[in-house]
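Coordinate inspection notes
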2 protein chains.
Amino acid sequence: MFRQDAILDLAFQALADPSRRAMVDRLVQGPATVSELAKPLAMSLPGVMQHLAVLEASGLVISEKVGRTRTCKIDPKVLSQAEHWIAERRALWERRLDRLGQFLDETKDD
Amino acid sequence: MFRQDAILDLAFQALADPSRRAMVDRLVQGPATVSELAKPLAMSLPGVMQHLAVLEASGLVISEKVGRTRTCKIDPKVLSQAEHWIAERRALWERRLDRLGQFLDETKDD
DNA sequence: ATAACACTTAAGTAGATGCTTAAGTGTTCA
DNA sequence: TGAACACTTAAGCATCTACTTAAGTGTTAT
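Here goes a summary of the coordinates provided. If you're wondering where the values come from, they're calculated on a predicted model, not measured in any experiment. (Residues numbered from 1 in each chain as written. Chains lettered and ligands numbered in written order. Predicted model: local features only at pLDDT ≥ 70, side-chain atom pairs only at ≥ 80, totals over all residues. Heavy atoms only, no water.)

1. Things to note about the pairing of strand E3 (residues 69–74) of chain B
Residues and elements named next belong to chain B. This is how the line gets drawn: Between any two strands, at least two bridges found by DSSP are needed for them to pair. Note on conventions: DSSP H or I runs of at least 4 residues are helices, E runs of at least 2 residues are strands, and numbering of each starts at the N terminus.
Relative to E3, strand E1 (residues 32–33) runs antiparallel, the two being bridged by two bridges. Following the sheet pairing, Ala32 is matched in E3 by Cys72. In this antiparallel pair of consecutive strands, strand E2 (residues 61–66) and E3, the connection spans two residues, and Gly67 shows a positive phi of 60°.

Encoded structure:
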């Protein structure tokens with residue numbers, strides 16, 4: 001549906017804010033309501049709602065309202081994709097260093 | 001020197017832009033000059049310089065000027081820290097699911 | 001010396017972001 | 001029924017971001 005690029009834009013943007021990372025931190029321990037997410041944050045409830053909207057738009061978090069409470073939880077798919085993007089680049093970078101070291105070894109007897 | 005939180009703010013913020021990710025993508029293949037980084041991007045050179053400044057401020061990239069050319073390369077430390085932050089959260093989330101499954105197994109014979 | 005090159009600085013701008021307060025909506029409990 | 005609760009919407013505002021163009025600076029090749 002979405003380009004990988006757009007997914008990563010939203011995911012990294014969502015993770016770039018410490019309040020949102022704190023919310024993710026809380027949610028990896030298990031589902032929580034909006035109020036529970038808000039409690040440790042020095043911020044108004046609408047502020048928290050806006051952060052939640054960013055997390056949901058990125059696909060990192062999903063929520064469902066039952067009665068008057070909204071329960072939020074992690075969806076790990078986008079988290080995986082972000083992790084994978086970084087891991088892949090680190091691997092490429094390391095692979096290049098290995099090749100470079102090998103080349104230097106092979107040519108050191110000049 | 002810097003709080004882990006501040007490092008991650010800058011790292012994820014830096015990775016949230018597709019032009020900057022393209023620059024990282026190029027740099028994992030090996031060092032490049034500013035012009036080389038700029039070539040595939042549909043953007044003025046000062047625009048590229050500003051993206052480079054963001055990447056350097058985050059610690060993802062380091063650069064050095066020799067003569068009139070500036071050569072940029074990846075510094076993998078911050079990339080590792082960002083990857084680690086995500087990996088840790090995913091692990092916590094999965095561990096919780098495991099405990100949950102175990103609990104359900106243990107109590108299914110009611 | 002001089003022209004081309006590879007950035008670099010400065011200044012301006014449209015739109016996004018991260019809050020706020022005030023005023024809702026719908027749900028649940030006494 | 002009515003108060004308390006758990007959000008939700010709307011509007012406003014100060015920054016911050018991602019560009020742009022125009023005008024530099026210092027380096028290198030001719």
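2. Thoughts on the protein's contact with DNA strand C
Put simply, the rule is: If a single non-hydrogen atom of a residue is within 4 Å of a molecule or strand, that residue counts as near it. Pairs of N or O atoms are called polar contacts if they sit within 3.5 Å, as long as, within protein, a hydrogen donor faces a hydrogen acceptor (for residues adjacent in sequence, only side-chain-to-side-chain pairs). Any residue that is not Ala, Val, Leu, Ile, Met, Phe, Trp, Tyr, Cys, Pro, Asp, Glu, Lys or Arg is counted as polar, Gly included; the first ten are nonpolar and the last four charged.
Near DNA strand C there are 21 residues, and of these Ser44(A), Gln50(A), His51(A), Ser35(B) and Arg70(B) occur at the shortest range. Here, DNA strand C places atoms within 4 Å of the protein, and 64% of those atoms are sugar or phosphate. Arg68(B) has a polar side-chain atom sitting 2.9 Å from a base oxygen of DNA strand C. Of all the secondary-structure elements, those providing two or more residues to the surface near DNA strand C are helix H4 (45–58) of chain A together with helix H3 (34–38), helix H4 (45–58) and E3 of chain B. Counted by class, the surface near DNA strand C contains six nonpolar, nine polar and six charged residues.

3. Quick notes on the relation of the copies chain B and chain A
This is how the line gets drawn: We superpose the copies by least squares over the C-alpha atoms of residues that have a pLDDT of at least 70 in both of them. Any two residues whose heavy atoms approach within 4.5 Å are treated as being in contact.
For these two chains of identical sequence, chain B goes onto chain A by a turn of 180° and a shift of 0.0 Å along the axis, with RMSD 0.0 Å. In short, the pair behaves as if placed about a two-fold rotation axis. In this assembly, 100% of the residues forming the interface of chain B have copies in chain A that are likewise at the interface, indicating an isologous arrangement.

4. So, the packing of helix H1 (residues 4–15) of chain B against helix H5 (residues 76–107) of chain B
Residue and element names in this part refer to chain B. To keep things clear, this is the line we draw: Here an angle of 0 to 180 degrees is reported between the N-to-C directions of two axes, which are lines fitted to C-alpha atoms, with helices fitted over the stretch in contact. When an angle is under 35 degrees it counts as roughly parallel; over 145 it counts as roughly antiparallel; between 65 and 115 it counts as roughly perpendicular; any other value is oblique.
Interaxial distance between H1 and H5 falls to 10 Å at its minimum, and their mutual angle equals 100°. The angle between the axes of H1 and H5 places the two elements in the roughly perpendicular class. In this structure, H1 contributes Gln4, Ile7, Leu8, Ala11 and Phe12 to the contact, and H5 contributes Val78, Gln81, Ala82, Trp85 and Ile86. Its residues assigned to classes, the contact of H1 with H5 shows eight nonpolar, two polar and no charged.

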